[in-house]
Each structure stands twice: as structure tokens, then as C-alpha cells.
Amino acid sequence: MNAAMAKDEERPSEEFSSGNPLDEPTPPQLASAASTFALLSSPARLHVMWLAAQDAYDVTTLARRAGINVATMSQHLTKLRLAGLINARREGRHHIYTVDDPHIVTLLQQIFAHIAPDGTLAPDPPRRP
């Protein structure tokens, strides 16, 4: 048995909230999850999601913070909003974008906790006895 297999055996099985822990995801769940991950596969969109999960921003601020132009940012925001991943509200002449879904916020927190600043996978936290 190699070290990776031994490490997997040490980990407790995780239950996913698809109902019964033995239930596999349904085809619609798999398709929706794949679509969500496809949208988040763009570094720019992932950056936007992270920013909007931290605070509320307008398109100009998001574009500046992400280092892209406003037109490109608008396209990213439209895709994310249509997918239900980001919310927009109107404040005067501006649309303000936020991520309010706690599941999406948790997903973003988890992925960035798992990846070190240099892009490598962060080590697992020490196990409690």
C-alpha cells in the first residue's frame, strides 16, 4: 500500500448533504456542480467572487481590484449573476455586487484555505488526538 492510499484510509469518510449519506449525486446535481465549477475555473471570475464575498462593490471597483477593464468585468458579472452565484442590487445609478449564499462563501473559504499563497496545496491541519 502506498503512502497516499494509507493517508486516505486514515481520513474519516465525509458525508455530503444530498440526503442519505449513501445517496449518490443525481445527474442534475452533477450537471449543476460542473457548470458552477466551470464558471469558477476563470481566475478573474474566482477573484471577483472572492472580492464580492468579502464586501459589496460596484463594477468599477471590482474591475480595478481584479486588474481588468470594466467591460470585461461586466461580462463576468453577468455570467455569475445569471448562474445565481453573485447578487446585484441597485444603489442610485450603480449596481452593487455581493455573494450572500453561505454555501458559496464556504466553498470560497475552503478552497483558499486549501491553497497556499504560492499556489501549492496547503498542508492538512494537524489531527486532534
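Relevant structure appears above.
Just so it is clear, the model here is predicted, and its values are computed rather than measured.

Draft legend 1. Highlighting the overall build of the protein. The helix and strand tally for the protein stands at six helices and three strands. Its helices and strands taken in sequence order, the protein reads α-α-α-β-α-α-β-β-α from the N to the C terminus. Counting every position in the protein, which comprises 129 residues, the buried fraction comes to 22%. When contacts within the protein are restricted to residue pairs at least 6 apart in sequence, those whose partners lie at least 24 apart make up 50%. Of the roughly 9500 Å² of accessible surface on the protein, a fraction of 56% belongs to carbon and sulfur atoms.

Draft legend 2. Focus on the nonpolar core. Met49, Leu62, Leu77 and Ile86 are the most contacted members of the largest nonpolar core, which totals 20 residues. For this core, the secondary structure elements donating two or more residues are helix 2 (27–40), helix 3 (43–54), helix 4 (59–66), helix 5 (70–82) and helix 6 (102–114). For this core, the element with the highest residue contribution is helix 3, accounting for four residues. In contact with leucine 62, other than residues within four places in its own chain, are Val48, Leu51, Tyr57, Met73, Leu77 and Tyr97.

About the thresholds
- Residues numbered from 1 in each chain as written.
- Predicted model: local features only at pLDDT ≥ 70, side-chain atom pairs only at ≥ 80, totals over all residues.
- Heavy atoms only, no water.
- Helix = DSSP H or I, 4+ residues; strand = E, 2+ residues; numbered from the N terminus.
- Buried < 20%, exposed > 50% of the residue type's maximum accessible area, 1.4 Å probe, protein only.
- Contact = heavy atoms within 4.5 Å.
- Areas by Shrake-Rupley, 256 points an atom, 1.4 Å probe, with all protein chains shown as cover.
- Core = buried A, V, L, I, M, F, W, Y, C linked by side-chain atoms within 4.5 Å.

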